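Residues per chain, in single letters:
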2 protein chains.
Amino acid sequence: MARIVKDPEIRRTEIIDIAEELFLKSGYNETAVSDIVKRVGVSQGTFYYYFKSKEDILNAIIERYIDDIKVGVKAIAAKDDINAIEKIMAFFGFLNNMDQGKEKLIDYFHEDQNVHLHAKFEKNVPSNIIPPLCLMIEEGVQEELFDTKNPEMAALSIIGTTFAISHWMYDKEDRAGSTKKIMAAIFDLIERILGAEPGKFMKYAMKMEEAK
Amino acid sequence: MARIVKDPEIRRTEIIDIAEELFLKSGYNETAVSDIVKRVGVSQGTFYYYFKSKEDILNAIIERYIDDIKVGVKAIAAKDDINAIEKIMAFFGFLNNMDQGKEKLIDYFHEDQNVHLHAKFEKNVPSNIIPPLCLMIEEGVQEELFDTKNPEMAALSIIGTTFAISHWMYDKEDRAGSTKKIMAAIFDLIERILGAEPGKFMKYAMKMEEAK
DNA sequence: AATTGACTGACAGTCAGTCAGTCAGTCCAT
DNA sequence: ATGGACTGACTGACTGACTGTCAGTCAATT
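Residues numbered from 1 in each chain as written. Chains lettered and ligands numbered in written order. Predicted model: local features only at pLDDT ≥ 70, side-chain atom pairs only at ≥ 80, totals over all residues. Heavy atoms only, no water.

Participant: What is the right way to look at the relation of the copies chain A and chain B in this model?
Facilitator: Two copies of one chain are present, and they are related through a rotation about an axis combined with an axial shift. With an RMSD of 0.1 Å, the fit of chain A onto chain B corresponds to turning through 180° and sliding 0.0 Å along the axis. Interpreted geometrically, this transformation is the action of a two-fold axis. Looking at the rotation axis and the C-alpha trace of chain A, the residue lying nearest is Gly160 of chain A, at 2.1 Å. Residue by residue, 100% of the interface of chain A is reproduced at the interface of chain B, so both copies engage with the same surface. (Least-squares fit on C-alpha atoms with pLDDT ≥ 70 in both. Contact = heavy atoms within 4.5 Å.)

Participant: Explain the protein's contact with DNA strand D to me, please; I cannot follow it from the model alone.
Facilitator: Around DNA strand D, 25 residues are found, and the nearest of them are Met1, Thr46, Tyr49 and Tyr50 of chain A together with Arg3 of chain B. Among the atoms of DNA strand D close to the protein, meaning within 4 Å, 64% are from sugar or phosphate groups. The side chain of Arg3 of chain A places a nitrogen or oxygen atom 3.2 Å from a base oxygen of DNA strand D. At 3.2 Å, a backbone N or O of Gly45 of chain A approaches a base oxygen of DNA strand D. Listing elements by their share of the surface near DNA strand D, those giving two or more residues are helix H1 (8–26) and helix H3 (44–50) of chain A together with helix H2 (33–40) and helix H3 (44–50) of chain B. By residue number, the principal contributor to the surface near DNA strand D is H3 of chain A, which donates five residues. For the surface near DNA strand D, the per-class residue count stands at 11 nonpolar, nine polar and five charged. (Near = heavy atom within 4 Å. Polar contact = N/O pair within 3.5 Å; in protein donor to acceptor, adjacent residues only side chain to side chain. Helix = DSSP H or I, 4+ residues; strand = E, 2+ residues; numbered from the N terminus. Nonpolar A, V, L, I, M, F, W, Y, C, P; charged D, E, K, R; others polar.)

Participant: Explanation requested: the packing of H1 of chain A against helix H2 (residues 33–40) of chain A in the structure shown.
Facilitator: The packing of two helices is summarised by the inter-axis angle and the distance between the axes. Residues and elements named next belong to chain A. Interaxial distance between H1 and H2 falls to 9 Å at its minimum, and their mutual angle equals 125°. Our classification of the angle between H1 and H2 gives oblique. Here H1 and H2 pass one another in a crossing that is right-handed. Contacts between H1 and H2 involve Glu14, Ile15, Ile18, Ala19, Glu21, Leu22 and Phe23 from the former and Asp35, Ile36, Arg39 and Val40 from the latter. The residue inventory of the contact of H1 with H2, partitioned by class, reads seven nonpolar, no polar and four charged. (Axes fitted to C-alpha atoms, helices over the stretch in contact; angles between N-to-C directions. Parallel < 35°, antiparallel > 145°, perpendicular 65-115°, else oblique. Left-handed = near helix turned anticlockwise from the far one by under 90°.)

Participant: Any chance you could explain the environment of Val5 of chain B here in plain terms?
Facilitator: Summarising the element assignment, Val5 of chain B is placed in the segment before helix H1 (8–26). Sequence separation of Val5 of chain B and Val37 of chain B is 32 residues, and the distance between their C-alpha atoms is 15 Å.

Participant: What am I meant to see in the domain arrangement of chain A here?
Facilitator: Interfaces are often sized by the amount of accessible area the parts lose when they come together. Residues and elements named next belong to chain A. The assigned domain composition of chain A is domain 1 (8–50) and domain 2 (65–211). Counting from both sides, the interface comprises seven residues of domain 1 and, opposite them, nine residues of domain 2. Carbon and sulfur atoms make up 58% of the surface buried where domain 1 meets domain 2, a total of about 620 Å² over both sides. It is Glu20, Leu24 and Tyr28 in domain 1 that bury the most area against domain 2; as a group they hold 72% of the surface buried on that side. (Domains from an automatic or database assignment. Buried area = accessible area lost by both parts, 1.4 Å probe.)

Participant: Looking at this model, I keep getting lost on the interface of chain A and chain B. Mind explaining?
Facilitator: Each partner contributes residues to the interface: chain A has 35 residues there, and chain B has 35 residues. Approximately 2800 Å² of surface area, both sides summed, lies buried where chain A meets chain B, with 62% of it carried by carbon and sulfur atoms. Along the contact surface separating chain A from chain B lie zero salt bridges. At the surface where chain A touches chain B, the tally comes to six residue pairs in polar contact (both at pLDDT 80 or more). At the level of elements, helix H7 (115–142), helix H8 (151–171) and helix H9 (179–194) of chain A are the ones that each hand at least two residues to the side of chain A that touches chain B. It is H8 of chain A that provides the largest number of residues to the side of chain A that touches chain B, a total of 12 residues. For the side of chain A that touches chain B, the class distribution of residues is 17 nonpolar, 10 polar and eight charged. (Salt bridge = Lys/Arg side-chain N within 4 Å of Asp/Glu carboxyl O.)

This is the structure in structure tokens:
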């Protein structure tokens, strides 16, 4: 094969891109390293020059997602023209959009073959999004929008609730149709967890809808 | 190898037992089918006589856990000498004891090598424990102990919260020591989610403590 | 004696990971 | 500018280990 030398960073990204695509399409265990290198157009050795094992490239893929999330969430947390409720809502909006950007990443995650990817992802997400979410909650407590003594636990509860509900919805057949009801239910739970005034989140959601 | 014929059900259980032990000790990907059959003392072919693939036996292991949980939870839900709060607390006590019975199954689950097992487990648990938990909550609403319009969502939120907090605690170093504080925090969150009187769960917990 | 079905073990095919060596690009001395 | 030394990106054949198959064996049952 013709030997083509590239900037290591570009080559690395190239390999990660293809690996991600194949893992999502066929599953981690079902994708061979040889499938990846064939698609990239490099040798087996090159793969192991960049990644010390197959598991290692999976970690690299996850890390990239986490980094994207970190950047987006930090930007929201740093805003000073919106209040805590709007931040938390923007936060969920951002997480949702990320999925969409990757062509329904979340759809892939819920296929059985991708448990491995999904599990690693959910294992690593909380430690990165709990701290900023926690800050937003503390802000809301100071603004007297929320009433909670333990912002960290509240943050965990919100994330756990959101994960659980989104998993649950994916296992049910009748996914579409009742998104509004589900949003209302999630808002209700978040308000309860945070000790916010009932209906306050929905009120803000309507306002943002109008603003468009 | 000496040929020993056993009752198929016993043989099947035998293979599952060993496989479970090895998967938990060394991880799913790191355990070879040949390791399993060597330990059981049967041939490679016997393994594939009982299970159609390596993935298949993992599903069998998970199924066994789920069945244990189902039985235990049904028994609690059927009791008529305790109220909804006591049932929910018994429910969590049962889930906790199950872990202990399996020599801290939950400890193994949180090791990185076992993401595969863990993920399959958590993917399948909710669909089995949400319905009975849901019934308990509905009971509590009728008894006017709780105030919620959507018991199913509340059940999901409680399970999600519990999972998220237990994962979070395992990733933190200072695990021991503050179990009481964590229990208090979880009770507080459950009360908020269910719309129960603040401190009510803790009150029942104290009462049960005394009863011993 | 015939039938059933649990069981065997050799084997085909596949895959993760290794390694000795190759070659493109860079940099410096002539 | 030209060559030669050097670096590190890259190659691909190879190995050992693995999953899953299958033709056939043997114990138990009828």
